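Summary of the model geometry
This is what each chain is made of:
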Amino acid sequence: MTALLQVRNLVTEFGGAKGRSGIRAVNDVSFSVERGRVLGLVGESGSGKSVTGFSIIRLLERPGRIASGEILFDGVDLSRNSEEEMRRLRGKRIAMVFQDPTVTLNPVLSVGTQMIEAVLAHESVSKDIARQRARDALGLVGIPSPEERLAAYPHQFSGGMRQRVAIAIAFLHKPDLIIADEPTTALDVTIQSQIIAEFQKLTEETKTAVIWITHDLAIVSRLADDIAVMYAGRLVETGPVSEVLNDPRHPYTAGLIASVPSQNQRGERLRQIDGMTPALNRLPQGCSFRRRCERADDGCLVIPELAPSGDRSFRCIHPVTKVSAS
Amino acid sequence: MVTSIIRRLIQAVFVVVAMTVIVFIGVNVIGNPVDILINPDANQAERARVIAHYGLDQPLWRQYLLFLQGLLHGDFGDSFVYGRPAMGLILERLPATLELAISALTIALVFGLPLGLYAGLYPNRVSSKLIMSGSILGFSLPTFWVGLMLIMVFSVELGWLPTNGRGPTLELFGAQWSFLTGEGIRHLLLPAFNLALFKTSLILRLTRAGVQEVLPQDYVKFARAKGLRERRVIAVHVLKNLMIPVVTIIGLEFGSLIAFSVVTESIFAWPGMGKLIIDSINLLDRPVIVAYLMMMVLLFVVLNFIIDVCYTILDPRVRLDSKA
Ligand SMILES: Nc1ncnc2c1ncn2[C@@H]1O[C@H](COP(=O)(O)OP(=O)(O)OP(=O)(O)O)[C@@H](O)[C@H]1O
Ligand code: SF4
Ligand SMILES: [Mg+2]
């Protein structure tokens, strides 16, 4: 069985025209997501996670564009789809949830309007039926008295409730794939937990595949089946979550894990990766992580390949092994 | 919603009352009206008669109350120049000015909104850049010069449109209107375009700036991510947010259209209030000035009230007292 989504050698650039290349926010990224599976896409701020998500659903901001590569969704290359073909997929088969629920809903339209239009965008049903669908969807994500809440406006909801509305909209058409771009980052911890549980329940019911973008490894270990670690536009490590988190091979992944608070001993200084993410237009020669890597040597002056090993892969010449990491 | 409207109504009444005090002090207390009203050669008895006639011998608060009483009856006294009730003169000229201002505003909206929307949606097209350069011209060319040029081109050279007056009018709601006759519309065109030019540029630039501010918002991206057609994204999600600043500006600028129509009215000999008030100021025709000022106060208060109501309709966040 082929995967639902197969991203192959995706390159997304900002600026730069024919011939010249711009800033590569996504650089030669390949991964796949099977039906009903959850992929955790992690990495520091600016590593290109969101741009990867927006490339798939083809909602890149100008001057972003897909420069090369393939995005095979159910066998169709999305990067070659027309705008109208994409529109029919968006919200219907590929949905998206954004980071900040206070700005994802239009402040001047009622929640009902924003849900009903989402139904009507893909189905020719009467407004009454669309309204019923919207109401049921609100109930499904645990919003009390959904009938009345349809008439309310976004500012009358709390942040957590607004994210539930956004999730209800995302699941309206039982999509095959949801791209969730840090959907809990802006919420406080207890709400976070509820939202994640809600999400898990819905994905199990609808068999929806999820790309969950985050920099919170704890969420990934709880939610995801697979993990893909991004650094400066490239994937540096992929594999099943438990294996990668227990036994990271790439020094950057190892560093991320070591800097999770619960991994540190009490009283010990919180460990963190030294240095800053390099600017995309001033990447070091060879491995992008070279300047921050303890294991770097002259061998790292050539860009390492993403080398597969079993169902995992990593992009490093001197990978971490369990013995050397401890 | 109803309580917020009542609250705003009460505020409006306060504003009007405050303005009556300011106008009263400005016109009656600063400077001595007796000097203006009375021939310097008049004898003592005549002086006293005139002072008593205008109530100027009364204490100030009495004078103010008399002034208010007059206001309530729409009585501002007779014009010194025309010898007729001042309010009547203003009301006679009001429709001409209103008609000119409304036409100008309509033109400004009809051209400014779509052009601004286009320039905002496709900022890199050559046509958008042309539109934006054009709007700079609209901003910087002086109204009187444009008015003269319009007359030169369309009246003198081409002979298409008349240059002065309102043309034939028809009665509607008890006032005379030019736009009801074909010839009247021909008279209205040049002055209306002249007055509209600046406002068109203003609305155009405001709309474009609004589009560029709204487009990158997450809620627009989310609307697209739902699979909405681009037409709906623009016409509902973008436009509805855009209308909030546009409505504010329209309301405020409508007042200034009326107040500054005087240049256009003078060039095109348009018999509106602008021309009347300039003449009255020159001749120190106090009752007309007072009537004009109070009319303006009322107009601005009513406009602001209408804007507030529009706001409440457009922006749900303003409906503070609505329940969820
Ligand atoms: N609109 C844009 N114009 C130009 N460059 C952009 C734009 N959006 C993103 N980029 C570039 O793409 C890079 C990756 O951005 P992206 O938003 O994907 O990061 P991210 O991994 O999602 O980070 P975060 O965790 O902060 O959300 C940025 O560092 C920036 O250089
Ligand atoms: S390739 Fe070299 S520099 Fe890059 S992560 Fe591996 S050891 Fe470090
Ligand atoms: Mg992001």
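Residues numbered from 1 in each chain as written. Chains lettered and ligands numbered in written order. Predicted model: local features only at pLDDT ≥ 70, side-chain atom pairs only at ≥ 80, totals over all residues. Heavy atoms only, no water.

Topic: the site of ligand 2
Note the threshold: We call a residue near a molecule or strand whenever a single non-hydrogen atom of that residue lies within 4 Å of it. Note that Gly is not counted as nonpolar here; it falls among the polar residues with everything else outside the nonpolar set of Ala, Val, Leu, Ile, Met, Phe, Trp, Tyr, Cys and Pro and the charged set of Asp, Glu, Lys and Arg.
Among the 13 residues in the neighbourhood of ligand 2, the closest are listed as Cys287(A), Cys293(A), Cys300(A), Cys316(A) and Ile317(A). Of the residues contributing to the shell around ligand 2, the split by class is nine nonpolar, two polar and two charged.

Considerations on the packing of aromatic side chains
Aromatic ring pairs: the centre-centre distance and the angle between the two ring planes describe each pair. Threshold: Ring pairs shown here join Phe, Tyr and Trp side chains whose ring centres sit within 6.5 Å, with only the six-membered ring taken for Trp; geometry is labelled stacked below 30 degrees between planes, edge-to-face above 60, and tilted in between. Strands are runs of DSSP state E lasting at least 2 residues, helices are runs of H or I lasting at least 4, and numbering of each runs from the N terminus. Note on exposure labels: buried denotes an accessible area under 20% of the residue type's maximum, exposed denotes more than 50%, and partly exposed covers the range between, all computed with a 1.4 Å probe on protein chains only. Whether a charge sits over a ring comes down to the Lys NZ or Arg CZ being within 6 Å of the ring centre and within 35 degrees of the ring normal.
A complete count under the given rule lists twelve aromatic pairs over all chains for this structure. Judged by centre distance (5.6 Å) and plane angle (70°), the rings of Phe98(A) and Phe222(B) are edge-to-face. Taken together, the residues Phe98(A) in the loop between β6 (94–97) and α3 (101–104) and Phe222(B) in helix α9 (residues 218–225) connect one chain to another. Residue Phe222(B) is classed as buried on the basis of its relative accessible area, which comes to 2%. Within the aromatic cluster, the residues linked to one another by ring pairs are Phe54(A), Phe98(A) and Phe222(B). For the cation-ring pair, Arg149(A) lies above Phe157(A), with the distance from its terminal atom to the ring centre recorded as 4.1 Å.

Points about the nonpolar core
For the record, the criterion: Residues belong to one nonpolar core when they are buried, are Ala, Val, Leu, Ile, Met, Phe, Trp, Tyr or Cys, and are joined through side-chain atoms within 4.5 Å. Contact definition: two residues touch when any of their heavy atoms are within 4.5 Å.
Leu5(A), Phe31(A), Ile56(A), Leu177(A) and Ile211(A) are the most contacted members of the largest nonpolar core, which totals 92 residues. Broken down by element, the residue count for this core peaks at seven residues, all from helix α7 (residues 159–171) of chain A. Contact partners of Leu5(A), with chain neighbours within four places excluded, come to Phe31(A), Ser32(A), Val33(A), Ile56(A), Ile71(A), Leu72(A), Phe73(A), Leu177(A) and Ile211(A). Membership of the second largest hydrophobic core comes to 45 residues, among which are Val27(B), Leu89(B), Val246(B) and Met296(B).

As for the pattern of salt bridges
Stated precisely, the cut-off is as follows: Whenever a carboxyl oxygen of Asp or Glu lies within 4 Å of a side-chain nitrogen of Lys or Arg, that contact is scored as a salt bridge.
In total, this model carries 29 salt bridges over all chains according to the counting rule given. Put simply, Glu44(A) and Arg292(A) hold a salt bridge, and the shortest N to O gap is 3.0 Å. With Glu44(A) in the loop between β3 (38–42) and α1 (49–56) and Arg292(A) in the loop between α11 (251–258) and β11 (307–309), this residue pair connects regions lying 248 residues apart in the sequence. This pair shows no difference in class: Glu44(A) is buried, exactly as Arg292(A) is. A salt bridge links Lys275(B) to Asp279(B), with the shortest nitrogen-to-oxygen separation between them at 3.9 Å. Of this pair, Lys275(B) and Asp279(B) both sit in helix α12 (residues 273–282), four residues apart, which is roughly one turn of the helix. On the basis of relative accessibility, which here comes to 30%, the residue Lys275(B) falls in the partly exposed class. Overall, the relative accessible area of 30% leaves Asp279(B) in the partly exposed class. In this structure, a network of salt bridges that share partners links the residues Arg35(A), Asp74(A), Arg93(A) and Asp176(A).

Points about the pairing of β6(A)
Every regular strand shows the same layout, with side chains that alternate between the two sheet faces. Residues and elements named next belong to chain A. Put simply, the rule is: When DSSP finds two or more bridges between a pair of strands, those strands are recorded as paired.
The two faces of β6 match: Ile 94 and Met 96 on one face and Ala 95 and Val 97 on the other face are all buried. Here four bridges tie β6 to strand β7 (residues 177–181), and the two strands are oriented parallel to one another. Bridged to Met 96 within β7 is Ile 179.

Considerations on the site of ligand 1
Residue and element names in this part refer to chain A. Stated precisely, the cut-off is as follows: Each polar contact in these results corresponds to two N or O atoms within 3.5 Å; when the atoms are within protein, one needs to be able to donate a hydrogen and the other to accept it, and residues that are neighboring in sequence are counted only if both atoms are side-chain atoms. With residues, only the protein chains shown are counted as cover, and all accessible areas are computed by Shrake-Rupley using a 1.4 Å probe.
Among the 14 residues in the neighbourhood of ligand 1, the closest are listed as Ser 45, Gly 46, Lys 49, Ser 50 and Val 51. Separating an oxygen atom of ligand 1 from a side-chain N or O atom of Ser 45 is a distance of 2.4 Å. Ser 47 has a polar backbone atom sitting 3.2 Å from an oxygen atom of ligand 1. Calculation on ligand 1 without its partners gives an accessible area of 640 Å², and the protein chains cover 68% of this total. Here the element with the most residues in the shell around ligand 1 is α1; it accounts for three residues. Residue composition of the shell around ligand 1, grouped by class: four nonpolar, six polar and four charged.

Here's the deal with the domain arrangement of chain B
Many descriptions give the size of an interface as the accessible area lost when the pieces come together. As a reminder of what qualifies: As used throughout, domain bounds are those supplied by an automatic or database domain assignment.
Entries for chain B in the domain assignment read domain 1 (23–73) and domain 2 (92–318). Taking only C-alpha atoms, the centre of domain 1 of chain B and the centre of domain 2 of chain B are 40 Å apart.

Notes on α11(A)
Counting buried positions along α11(A) yields seven of eight residues, so the element is predominantly enclosed. Check the buried side of α11(A) and you find it contacts β3, α9 (217–223), β9 (226–231), β10 (234–240) and α10 (241–246) of chain A.

Details of the side chain of Ser288(A)
Residue and element names in this part refer to chain A. Within the secondary structure, Ser 288 sits in the loop between α11 and β11. Among the polar contacts listed, one links the side chain of Ser 288 to the side chain of Arg 234, at a separation of 3.5 Å. In this structure Ser 288 touches Tyr 231, Ala 232, Arg 234, Pro 278 and Leu 283, once residues within four positions along its chain are discounted.

Description of the interface of chain A and chain B
We apply this condition: Two parts placed together each lose some accessible area; with a 1.4 Å probe, that loss summed over both constitutes the buried area.
Each partner contributes residues to the interface: chain A has 30 residues there, and chain B has 26 residues. Counting the surface lost from both chain A and chain B, the interface buries some 2600 Å², and carbon and sulfur atoms represent 59% of this. Three residues, Arg87(A), Val108(A) and Glu117(A), lead the burial of chain A against chain B; their summed loss comes to 22% of the area buried on that side. Where chain A touches chain B, the interface holds three salt bridges. The residue Lys226(B) makes a salt bridge to Glu117(A) at a minimum N-O spacing of 2.8 Å. In this structure, the connection of chain A to chain B is made through eleven residue pairs in polar contact (both at pLDDT 80 or more). Of all the secondary structure elements, the ones that give two or more residues to the side of chain A that touches chain B are β6, α3, α4 (111–120) and α7 of chain A.

A word on the sheet that holds β3(A)
Sheets are built from strands paired through backbone hydrogen bonds, the pairs being either parallel or antiparallel. Residues and elements named next belong to chain A. Let me state the cut-off plainly: A fitted line through C-alpha atoms represents every axis, and for helices the fit uses only the stretch in contact; the resulting angles, taken between N-to-C directions, go from 0 to 180 degrees.
Read across the open sheet, the eight strands follow the order β6-β7-β8-β3-β9-β10-β12-β11; overall the sheet is mixed. Each edge of the open sheet carries a strand with a single partner, namely β6 and β11. Pairs of neighbouring strands in the sheet enclose a mean axial angle of 20°, with direction left out of account. Across two bridges, the pairing between β10 and strand β12 (residues 312–314) is antiparallel. Bridge assignment links Thr 238 to a residue of β12, and that residue is Ser 313. Each of β3, β6, β7, β8 (209–214) and β9 is contacted by α1, which is oriented at about 150° to β7, the strand it contacts most.

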